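# Notes for the structure review
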Amino acid sequence: MKIFRVLKPGLFTTVQDLGRYGYLKYGVPISGAMDTFSLVAANRLVANNSSDACLEVTLIGPELKALKQTQIAITGGFISPKINGQDVPMWQTLEVQEGDVVSSGIMENGCRAYLSIRGGIDTPMVLGSRSTYVRGGFGGINGRQLRTGDLIEGFCAPLIKFGYSVPRELVPQFAGKFTVNVIFGPQADMFTEKGVSTFLSNPYRVTLEADRMGYRLEGEPIKHGDKADIVSDALLPGAVQIPKNGQPIIIMRDAQTTGGYPKIAIATTPDVSSLGKAKPNDVIEFSKITTGQARNKLFEYHKLLNSLGKMLLKNQS
Amino acid sequence: MKSNSLSPARYLPFGDTALVVEFGNVISLEINAKVIALSEAVQKAEIEGVEEFVPTYRSLLVRYNPLKTSYEQLVFCIKDIEKVLKEPSAQVKGRRITIPVVYGNRYGPDLAYVAQFHRLSEEQVIKLHSDREYRVYMIGFVAGFPYLGKVPDEIATPRLETPRLRVPAGSVGIAEKQTGIYPCEAPGGWQIIGRTPINLFNLLQQPPALLKSGDIVKFKPIPEKDSKQQKNHAR
């Protein structure tokens, strides 16, 4: 069912869901929404499944013309969304009539926003996911970012009776500063004691080389021991690699699945999701936690994602 | 090298959703054989909460569902499996796959450089590259890209100083003692000596990648005119 025609594609807009799992050994990255929490929230606001596909918007949003009556929600970084030129709120269900134009401004904070459509976006399942993997050229709409004239199809689903909104205390803050919890290893022992303390006690700035594959950071160089290379092994999102120049690279969702730089530490799952909000010039500080602490935080995070639907506030109609 | 391959495996946490079993930090058949043997054994054991495996040159990454199992539990289970693992023989077993390659000219723009670098003729480079069997040590970099080794010292060549922005799909390259095949167009710094008409990654097939870790690959030189007929005829 055709729901929207793309009038303007925005800077870099792709279809993403929770990701593509099970194909790492064939070199296929996990992909999926960079900011998982905002994707799930956008889905739940229109009573979709958490795993349904949404549009992931980067810094500049698209302009879409509705071909059908539908309901949408926009979450993530604040992007001044509008329907027919009128400001509309984020983090709540929005009614869209046939012929309406959904647009937005430039993102004022954060880096990515998510636009859900009632019923979920309908693109072919590729290896178990609808997520776009641009480098591989598959998933989403023809394996690429949105273009003018594209048609966005959605699954047929009855409109919901009530709109919802995310309670204010659950809406993430976008301060441009991130404290990222990391578990040390697997190659933490390749760094000097001084290197480790440099890593934990200095801020690192996100450089312009930051995209869905990963973020290059800039700050006090982190010193290796005798060697700065390893024989390549596996990577997952959250891995903090330190190449020879001592400047960290955080691996994100579209990164290659193997790499040859030592990994000093790995960011925890909830922090990888919040790093999806990071943009160039934002500042990151790393904080070491134990596997036990990480486990507790992960349980809380999953509980939040699973119960988000129930925690939404019903809007008055 | 030898002593390294005999050292016991190290179990290392990889964030909150994975662990790594590391057998060494060199490229060797023995180490890679252990990685693959453990990967197969752990897969067979169907441990609750284990989601996927990534065998690489020297280590096995095990991704798990932390809501169903924990790092400590998995280390315990996998150590048990590792203990009774038979010493994998260094002699290579695995599926044997022949990959036809058109060497040189516009398909292998760096063949001349590799030959010149080693003071060989292009024919000698082709013969040295296609005479031996290679093991797939791992798949990585881009979907379906096999890291194969090792090439004879006589043709081992450093990467390009400036990587190309676009290497065409099917390109066969050399980087130091490794050789590999680009399944799709990608940026890359490997010395490109030829191209195969074989499709290494097909989304419509299950599994999508033609090769997997542990496979044995042999390259077969073919003339350009045959390359069109050979499409999709590996194995």
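Fair warning: this is a prediction, and the values are worked out from it, not measured in the lab. (Residues numbered from 1 in each chain as written. Chains lettered and ligands numbered in written order. Predicted model: local features only at pLDDT ≥ 70, side-chain atom pairs only at ≥ 80, totals over all residues. Heavy atoms only, no water.)

## Section: the domain arrangement of chain B
Residues and elements named next belong to chain B. Short version of the rule: Per the annotation, domain bounds derive from an automatic or database assignment of domains. Residues count as neighbours in contact if any of their non-hydrogen atoms are within 4.5 Å of one another. Within this document, salt bridges are pairs made up of a side-chain nitrogen of Lys or Arg and a carboxyl oxygen of Asp or Glu, the two lying within 4 Å of each other. Nitrogen and oxygen atoms within 3.5 Å of one another constitute a polar contact, given that in protein one can donate a hydrogen and the other can accept it, and given that sequence-neighbouring residues count only through two side-chain atoms. To qualify as a helix, a DSSP run of H or I must reach at least 4 residues; to qualify as a strand, a run of E must reach at least 2; elements of each kind are numbered from the N terminus.
Its domain assignment divides chain B into domain 1 (4-85) and domain 2 (96-230). When each unit is reduced to the centre of its C-alpha atoms, the spacing between domain 1 and domain 2 is 29 Å. Counting residues at the interface gives nine residues for domain 1 and nine residues for domain 2. Counting the contacts that link domain 1 with domain 2 gives zero salt bridges. Connecting domain 1 to domain 2 are four residue pairs in polar contact (both at pLDDT 80 or more). Ranked by residue count, the leading element in the side of domain 1 that touches domain 2 is helix H2 (residues 29-45), at four residues.

## Here we look at the interface of chain A and chain B
The condition is simple: Accessible-area loss on putting two parts together, using a 1.4 Å probe and summing over both, is the definition of buried area adopted here. Charged means Asp, Glu, Lys or Arg here, nonpolar means Ala, Val, Leu, Ile, Met, Phe, Trp, Tyr, Cys or Pro, and polar covers whatever is left, Gly included.
At the interface, 42 residues of chain A touch 46 residues of chain B. A combined buried area of about 3,600 Å² lies between chain A and chain B, and 63% of that area is made up of carbon and sulfur atoms. Contact with chain B buries surface across chain A, with Lys25(A), Tyr26(A) and Val231(A) losing the most and accounting together for 19% of the total. Taken together, chain A and chain B are joined by two salt bridges. Residues Arg58(B) and Asp233(A) are paired through a salt bridge, measuring 3.5 Å at the closest nitrogen-oxygen approach. Those elements that provide at least two residues to the side of chain A that touches chain B are strand E13 (177-184), strand E16 (233-234), strand E20 (263-267), helix H3 (269-275) and helix H4 (291-311) of chain A. With six residues, H4(A) is the largest single contributor of residues to the side of chain A that touches chain B. Of the residues belonging to the side of chain A that touches chain B, the class tally is 22 nonpolar, twelve polar and eight charged.

## Re the pairing of strand E10 (residues 112-117) of chain A
Residues and elements named next belong to chain A. The test is simple: The classification of residues rests on relative accessible area computed with a 1.4 Å probe and restricted to protein chains. Under 20% of the type maximum is buried, over 50% is exposed, and intermediate values are partly exposed. Only when DSSP finds a minimum of two bridges between them are two strands counted as paired.
Within E10, six of the six residues are buried, which leaves the element mostly enclosed by the surrounding structure. Both faces of E10 are covered, namely the face carrying Arg-112, Tyr-114 and Ser-116 and the face carrying Ala-113, Leu-115 and Ile-117. With four bridges connecting them, strand E3 (residues 54-58) and E10 associate as antiparallel partners. Counterpart to Leu-55 in the pairing with E10 is Leu-115. Bridge count for strand E5 (residues 70-76) against E10 is five bridges, and the pairing is antiparallel. Residue pairing across strands places Gly-76 opposite Ala-113, the latter belonging to E10.

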